[in-house]
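The lines below spell out each chain.
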Amino acid sequence: MSASGVMEQIAALVPHGARVLDLGCGTGELLHHLQTTKGCTGYGVELDDANLLACVQRGVNAIQLNLEEGLSIFEDQSFDVVLQLETLQHLRNTELMLRETARVGRIGIVSFPNFAHWPNRLQVLFGRMPVTRVLPYEWYDTPNIRVGTYADFEVLARKNGLRVLDSFGIQDGRPVRVRPNLLSSMAVFKFDRG
């Protein structure tokens, strides 16, 4: 999967000039991209020291914070957009972080590996846990503590009173809007509190 293609698909969902909070921002690549191409401002949240240093070197404001502890340092609706890209599958309290994302931001955008992508289904059918470009770890050494599907997130959003504004899958850096639960390795949802 093209990382730049995914970044462009996500960036397209963020309004020009938005105040952005990027949860689990990694090295700050996306936030830097949004700052330089769309005039966005904001902060990244990251736990890893090396990633924080990379953010600083890129000129991205980053805060060291464990997402498992929530977002109580941020006020309601203090950001236009809260990004939570490929972090949900690493968190123990997914529902809390989803609600916190909706509380802190006017709009939330999440992405995660879609476990229901057809190659994953095929590997499970043959009795093995999937190992793919998007899910590159063996079952015994994965940092993911949970797996989810495109269809599962739709149910979770409804359960938590979230309104899905846009959703699609991504495969090979391109959006997939027809049968994304089957045909895409990554799921993307844009939502608000409805």
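These notes cover the structure that comes with them. (Residues numbered from 1 in each chain as written. Predicted model: local features only at pLDDT ≥ 70, side-chain atom pairs only at ≥ 80, totals over all residues. Heavy atoms only, no water.)

## Side note on the sheet that holds strand 7 (residues 174-176)
Item 1. If you walk across this open sheet you meet the eight strands as 3-2-1-4-5-8-6-7, and the pairing is mixed. Each edge of the open sheet carries a strand with a single partner, namely strand 3 (62-64) and strand 7. Taken pair by pair, the neighbouring strands of this sheet meet at an average axis angle of 25°, ignoring direction.
Item 2. Helix 4 (residues 94-104) contacts strand 1 (19-23), strand 4 (79-85), strand 5 (105-113) and strand 8 (186-192) of the sheet and is inclined by roughly 145° relative to strand 5.
Item 3. Relative to strand 8, helix 6 (residues 150-159) is tilted by about 15°, and along the sheet it contacts strand 5, strand 6 (163-171) and strand 8. (Pairing = 2+ DSSP bridges. Helix = DSSP H or I, 4+ residues; strand = E, 2+ residues; numbered from the N terminus. Axes fitted to C-alpha atoms, helices over the stretch in contact; angles between N-to-C directions. Contact = heavy atoms within 4.5 Å.)

## What about the pattern of salt bridges?
Item 1. Applying the stated criterion across every chain yields a total of seven salt bridges.
Item 2. Asp80 serves as the salt-bridge partner of Arg106, at 3.5 Å between the closest nitrogen and oxygen. Taken as a pair, Arg106 in strand 5 and Asp80 in strand 4 lie far apart in primary sequence, 26 residues in all.
Item 3. What makes Arg106 partly exposed here is its relative accessible area of 43%.
Item 4. One salt bridge connects Glu95 with Arg99, and the closest N-O pair in it is separated by 3.9 Å. Here Glu95 pairs with Arg99, and both are found in helix 4, just four residues apart, close to one helical turn.
Item 5. Arg99 sits in the partly exposed class, given a relative accessible area of 38%. (Salt bridge = Lys/Arg side-chain N within 4 Å of Asp/Glu carboxyl O. Buried < 20%, exposed > 50% of the residue type's maximum accessible area, 1.4 Å probe, protein only.)

## As for the nonpolar core
Item 1. Counting 25 residues, the largest nonpolar core has Val14, Val20, Leu83 and Ile109 as its most contacted members.
Item 2. When residues of this core are traced back to their parent elements, those giving at least two are helix 1 (3-11), helix 2 (29-38), strand 4, strand 5, strand 6 and strand 8.
Item 3. Considering each element in turn, this core owes the most residues, four residues, to helix 1.
Item 4. In this structure Ile109 touches Ile10, Leu13, Val14, Val81, Val82, Leu83, Gln84, Leu85, Val188, Phe189, Lys190 and Phe191, once residues within four positions along its chain are discounted.
Item 5. Leu88, Leu98, Val110 and Phe189 belong to the second-largest nonpolar core, a separate cluster that totals 13 residues. (Core = buried A, V, L, I, M, F, W, Y, C linked by side-chain atoms within 4.5 Å.)

## A short note on the packing of helix 4 against helix 6
Item 1. One way to put it is that helix 4 packs onto helix 6 with a least axis distance of 11 Å and a crossing angle of 65°. Considering only the axes of helix 4 and helix 6, their crossing is right-handed. In this structure, helix 4 contributes Thr94, Glu95 and Leu98 to the contact, and helix 6 contributes Phe153, Leu156 and Lys159.
Item 2. Counted by class, the contact of helix 4 with helix 6 contains three nonpolar, one polar and two charged residues. (Left-handed = near helix turned anticlockwise from the far one by under 90°. Nonpolar A, V, L, I, M, F, W, Y, C, P; charged D, E, K, R; others polar.)

## Focus: helix 3 (residues 49-58)
Item 1. Turning to helix 3, its buried residues are Leu52, Ala54 and Cys55. For helix 3, the arc enclosing every buried residue in end-on projection is 160°, short of the 170-degree limit, so these residues lie on one face. Relative to its buried face, helix 3 has exposed residues pointing more than 90 degrees away, namely Asp49, Ala50, Val56 and Gln57.
Item 2. For helix 3, the secondary structure elements touched by its buried residues are strand 2 (41-46) and strand 3.
Item 3. Looking at where helix 3 begins, the residue whose side-chain oxygen comes 3.1 Å from the main-chain nitrogen of Ala50 is Asp48. (Arc of directions from axis to C-beta. Polar contact = N/O pair within 3.5 Å; in protein donor to acceptor, adjacent residues only side chain to side chain.)

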